[in-house]
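# Reading the structure
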Amino acid sequence: MTAPQQQAADTGELSAVLARILTEVGPSAGLAGRVADYIPALSAVDPATFGFAATDLTGHTIGVGKWRTPFSIQSVSKVFSLALVLAIEGDQLWRRVGREPSGNPFNSLVQLEHESGIPRNPLINAGALVVTDRLLTLTGDARGAVRDFLRAESGDDRVDFDAAVARSEAEHGDRNAALAHLMASYGNLENPVADVLEHYFWQCSIAMTCGDLALAGSFLARHGVRADGSRLLSRSEAKRVNSVMLTCGAYDAAGEFAYRVGLPGKSGVGGGILAVVPGRYSLCTWSPALDERGNSVAGVAALDHFTTLTGLSVF
Ligand code: DON
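Residues numbered from 1 in each chain as written. Predicted model: local features only at pLDDT ≥ 70, side-chain atom pairs only at ≥ 80, totals over all residues.

### Examining the UniProt feature "binding site: substrate" (unreviewed entry) in the protein chain
This is how the line gets drawn: UniProt positions are given in the numbering used here, feature names are shortened, and annotations may be inferred rather than shown by experiment. Here contacts are defined at the residue level, using C-beta atoms placed from the backbone and a cut-off of 7 Å between them. We count a stretch as a helix when DSSP gives it H or I for four or more residues in a row; a strand needs E for two or more, and each element gets its number in order from the N terminus.
Mapped onto this numbering, the UniProt entry annotates "binding site: substrate" (unreviewed entry) at Ser-75, Asn-125, Glu-169, Asn-176, Tyr-200, Tyr-251 and Val-269. Dropping the residues within four chain positions of it, Asn-125 is found in contact with Phe-106, Asn-107, Asn-176 and Leu-179. For Tyr-251, the position within the fold is in the loop between helix H11 (235-248) and helix H12 (254-260). Not counting residues up to four positions away in its chain, the partners in contact with Tyr-251 are Ser-102, Pro-105, Phe-106, Ile-124, Arg-293 and Gly-294.

Next comes the structure, spelled out in structure tokens:
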């Protein structure tokens, strides 16, 4: 087969897999789990929504269900701020944040006091606040850096902040404020707490579609190479981001996610999950009803189905 014929065959096979997931998992969306309501602006979405998109290494994207409807990416943004900081300063970041699974809820305070204000990893809230702080120091505009990167990689200028979600989160942000103040008390924030929180909330509020998020994450499937062919991360750094996603991307359910899905993944309380098949695909699911640990019930089921049907996992 020529390369275009091979791509057409792969696309046909992938379309059939996505169609099957829509039929077999889509109807269960919203039957189990609950939409996040601790950020009130997130609670208005229909829990029965389901979307799934897949991007190949060339950026060719297909999807099923509501894959073209924007949603709040929330914690999925943590992957991008991490990648941007690593791209600028490499391993220096690891002096301020660890890379071990926390085994605790994403907004937990308990380990910080025992561990000198150094968060376990960059994908829990405390760790993401440190990464945002660093990105703010390095670029002067952390939220803008994340949004601009997502726009560039997806090729979609409609990717933007949702001011209502950002405000709602700030109004109900006591837990994140507590994390930030505790870390500041240990000297692990460089910028004023209020500035770090503001950039973090706005970065989490970014709204985009499954299709755009799969495109934006595809540099991780291409081992660090961006959509325009330039390199963001070295091959080794891309491996490390994927590894941290695998071990820490689903918080205290990271083990269960690895067991069921077998891919690096990052969830958000908006119901999105970005998952990576290194060297093959970037995947994004969206379904807003969450399990008690903050991961999309139908999203995890869809990714479990995807790797079972295709045999594509890192294991
Ligand atoms: O800081 C928060 O609580 C939210 N902006 C993001 C949390 C989140 O998405 C955790 N994901 N499962």
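### Concerning the confidence of the model for the protein chain
To keep it simple, the criterion reads: Per-residue confidence from the predictor is reported as pLDDT, which spans 0 to 100.
Per-residue pLDDT for the protein chain has a mean of 96; in total, 99% of the residues score no lower than 70. On the interface metric, ipTM, the complex scores 0.96, and its pTM is 0.97.

### Let's talk about the nonpolar core
Stated precisely, the cut-off is as follows: The nonpolar core is taken to be a set of buried Ala, Val, Leu, Ile, Met, Phe, Trp, Tyr and Cys residues joined by way of C-beta atoms within 7 Å. The burial criterion counts other C-beta atoms lying within 10 Å of a residue's C-beta, which is placed from the backbone; the residue is buried at 20 or more, exposed at 12 or fewer, and partly exposed between these limits.
With 100 residues, the main nonpolar core has Ala-83, Leu-129, Leu-213, Val-241, Leu-283, Cys-284 and Leu-303 as its most contacted residues. When near neighbours in sequence (up to four residues on either side) are disregarded, Leu-303 contacts Val-261, Leu-263, Gly-265, Ile-273, Ala-275, Leu-283 and Thr-285.

### Some thoughts on the site of the ligand
What counts is decided by this rule: The C-beta atom of each residue is placed using the backbone, and any residue whose C-beta lies within 6 Å of a molecule or strand is treated as near it. Three classes are used: nonpolar for Ala, Val, Leu, Ile, Met, Phe, Trp, Tyr, Cys and Pro, charged for Asp, Glu, Lys and Arg, and polar for all others, with Gly counted as polar.
In the neighbourhood of the ligand, the contacting residues comprise Gln-74, Ser-75, Phe-106, Asn-107, Asn-125, Glu-169, Asn-176, Cys-204, Ser-267, Gly-268, Val-269 and Gly-294. Considering only residue class, the shell around the ligand consists of three nonpolar, eight polar and one charged.

### What about the pairing of strand E7 (residues 272-277)?
In summary, the side chains of a regular strand alternate between the two faces of the sheet. Heads up, the rule is: Whether two strands pair comes down to DSSP finding at least two bridges between them.
The buried count for E7 comes to six of six residues, which makes it a mostly enclosed element. By the alternation rule, side chains of E7 split into Gly-272, Leu-274 and Val-276 and Ile-273, Ala-275 and Val-277, which are all buried. Two strands pair when backbone bridges link them, and strand E6 (residues 265-267) and E7 are joined in this way by three bridges, in the antiparallel orientation. When the sheet's bridge partners are listed, Ser-267 is paired in E7 with Ile-273.

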